[in-house]
Amino acid sequence: MKKLVVDLGDRSYPIYIGAGLLRRADLFSGHVAGRRVLIVTNTTVAPLYLDALVSVLDRFAPVTVVMPDGEQYKTLGDVNRIFDALLEQRCDRRTTLVALGGGVVGDMTGFAAATYQRGVPFIQVPTTLLAQVDSSVGGKTGVNHPLGKNMIGAFHQPRCVVIDTATLDTLPDKELAAGLAEVIKYGLIRDSEFFRWLEANLDRLLARDPEAVAYAIECSCVDKAAVVAADETERGQRALLNLGHTFGHAIETGMGYGSWLHGEAVAAGMVAAADLSHRLGWLGERDVERVRALVARARLPTRIPAALGVDRMLELMSVDKKVEDGRLRLVLLKAVGDAVISADVPLAAIAETLDRCGGGM
Ligand code: NAD
Ligand code: GLY
């Protein structure tokens, strides 16, 4: 087992990474505050892993909430199901919430934990690659609004993150690929050596070689933990973690939540960001091609869907948390492994990129 730490002073917490950790009661018990836990999961993950987690948390008499599965249920209304259970069971402030599932379950459970009685502790048990390398770490929690992705939320750090890499055995290939988009992102924004490792080892990841998968999760969590420790509430460099996301969130909102996977939308968004970076004279043509090629090899989309034209994409992109004083701020690349945030990108260049990178499925 590997143990990493997200260093946030007295709110620091561990990330445990290894196969079979879901059955390690000792990893959980030290982080449960109080005597009760409420586990939130969904209809797909519950039959696979809920019994194991319930038995590991047995002495905390776990209450369970099984949510419907899908991004379209990541809404304020659906979070009420968690509040209903907490109130029906008379759960107090010393109840610990446990999120068992992918990023949707994690974001919603974290948001419920941030807001129930103005804040209760929670633990992340991510079961998708995307959640293991990104969403379970860093304390961003929230839900979607029909007009914008992740628009309602709060920062609320978990007490610990337990990554059982064996849970990926049941993850569909398409979801594994979606997680790879966020893995590639770390290489692009701050870790050129990791990007080269990914170029050399992508086939091992696609074949689910346990050693390669564990290494990719560990590198990603090291990168994420470092960024979060330096800028917990996104005053500066944490925004770099959103490479491809302004394009990606527009795709997810525009196509209807659940239609494109988050990771798929981010993948097409990263290719668009690379194209735009080249257009601005920052990124060489060869590096744009490296980005496109790695995304394609990961079996991820490289083009923005044809159904969303340039004007619609611009309209959707203007609803983004990085917009400040009406100016679109985009994460772009100076080189592979070196991202910057820019508020000065000419609209014409963005429109050209949207045009050039459009026409996908
Ligand atoms: P998801 O939670 O919808 O999970 C993907 C699918 O895999 C679902 O159908 C789920 O039921 C299923 N699943 C989960 N674990 C499984 C397993 N082990 N075996 C079989 N099936 C399994 O999607 P996701 O990609 O995990 O997360 C995407 C969400 O995360 C988006 O809402 C995105 O906005 C959010 N996100 C948040 C952050 C953050 O910092 N909070 C970062 C990145 C993404
Ligand atoms: N996924 C973006 C962040 O955690 O900041």
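Here, every reference points to the structure presented above.
Residues numbered from 1 in each chain as written. Chains lettered and ligands numbered in written order. Predicted model: local features only at pLDDT ≥ 70, side-chain atom pairs only at ≥ 80, totals over all residues. Heavy atoms only, no water.

**Student:** Requested: an account of the overall build of the protein, with residues and values cited.
**Tutor:** In terms of regular secondary structure, the protein is built from 13 helices and 11 strands. Overall, the C-alpha framework of the protein stretches about 60 × 40 × 40 Å when taken along its three principal axes. Buried positions account for 59% of the 361 residues belonging to the protein. In the protein, the share of contacts with a sequence separation of at least 24, taken over all contacts with a separation of at least 6, comes to 75%. By element, 49% of the accessible surface of the protein is carried by carbon and sulfur atoms, the whole surface being about 14,500 Å². Here the protein contributes 40 positive and 44 negative side-chain charges, whose respective centroids are spaced 4 Å apart. (Helix = DSSP H or I, 4+ residues; strand = E, 2+ residues; numbered from the N terminus. Buried < 20%, exposed > 50% of the residue type's maximum accessible area, 1.4 Å probe, protein only. Contact = heavy atoms within 4.5 Å. Areas by Shrake-Rupley, 256 points an atom, 1.4 Å probe, with all protein chains shown as cover. Lys, Arg positive; Asp, Glu negative; His and termini not counted. Charge placed at Lys NZ, Arg CZ, Asp CG, Glu CD.)

**Student:** So what about the layout of surface pockets? Which residues, and what values?
**Tutor:** The rolling of a water-molecule-sized probe over the atoms marks out the regions of remaining empty space. Its boundaries defined by the atoms lining it, the second largest pocket holds a volume of some 160 Å³. What lines the second largest pocket is Ala19, Thr165, Ala166, Leu168, Asp169, Leu176, Arg208, Pro210, Val213 and Ala214. Broken down by element, the lining of the second largest pocket gets its largest block of residues, three residues, from helix H8 (residues 210-230). A class-by-class count of the residues in the lining of the second largest pocket yields seven nonpolar, one polar and two charged. (1 Å grid on protein atoms, 1.4 Å probe; cavity = no way out; pocket = protein on both sides within 12 Å on 5 of 7 lines; lining within 4 Å. Points joined across faces, edges and corners; volume = space filled by probe spheres on them. Nonpolar A, V, L, I, M, F, W, Y, C, P; charged D, E, K, R; others polar.)

**Student:** I'd love a proper account of unusual backbone geometry, names of residues and values included.
**Tutor:** Phi angles above zero are rare outside glycine, and Asn150 is one such case at about 55°. When you line up the elements, Asn150 lands in strand E8 (residues 148-155). Its identity is not glycine, yet Arg299 carries a phi of approximately 65°, on the positive side. With respect to the helices and strands, Arg299 occurs in the loop between helix H11 (285-297) and helix H12 (310-317).

**Student:** Describe the packing of aromatic side chains, naming the residues involved and giving the relevant values.
**Tutor:** Counting across every chain of the model gives three aromatic pairs. Between Phe83 and Tyr116 the ring centres are 6.4 Å apart and the planes differ by 20°, which places this aromatic pair in the stacked class. With Phe83 in helix H3 (residues 76-88) and Tyr116 in the loop between helix H4 (103-115) and strand E6 (122-126), this pair connects stretches of sequence that are 33 residues apart. Each member of the pair, Phe83 as well as Tyr116, carries the same accessibility label: buried. An angle of 20° between the planes, with centres 6.0 Å apart, marks the rings of Phe194 and Trp197 as stacked. Placement of both Phe194 and Trp197 in helix H7 (residues 192-206) is noted, with a separation of three residues, approximately one turn of the helix. Of the two residues, Phe194 and Trp197, both sit in the buried class. Clustering of aromatic rings is evident, with ring pairs tying together Phe194, Trp197 and Tyr215. The residue whose ring lies beneath Lys334 is Trp282, and the NZ or CZ to ring-centre distance is 4.0 Å. (Phe/Tyr/Trp six-rings, centres within 6.5 Å; stacked < 30°, edge-to-face > 60°. Lys NZ or Arg CZ within 6 Å of the ring centre and 35° of its normal.)

**Student:** Tell me what's going on with the site of ligand 2, and back it up with residues and numbers.
**Tutor:** Taken together, Asp134, Lys140, Lys224, Glu234, Arg238, Leu241 and Asn242 make up all the residues around ligand 2. With respect to ligand 2, the side chain of Asp134 contributes an N or O atom lying 3.2 Å from a nitrogen atom. Within the contact set of ligand 2, an oxygen atom lies 2.5 Å away from a side-chain nitrogen or oxygen of Lys224. In the complex, 89% of the free accessible area of ligand 2, which totals 200 Å², lies under the protein chains. Per-class residue counts for the shell around ligand 2 are one nonpolar, one polar and five charged. (Near = heavy atom within 4 Å. Polar contact = N/O pair within 3.5 Å; in protein donor to acceptor, adjacent residues only side chain to side chain.)

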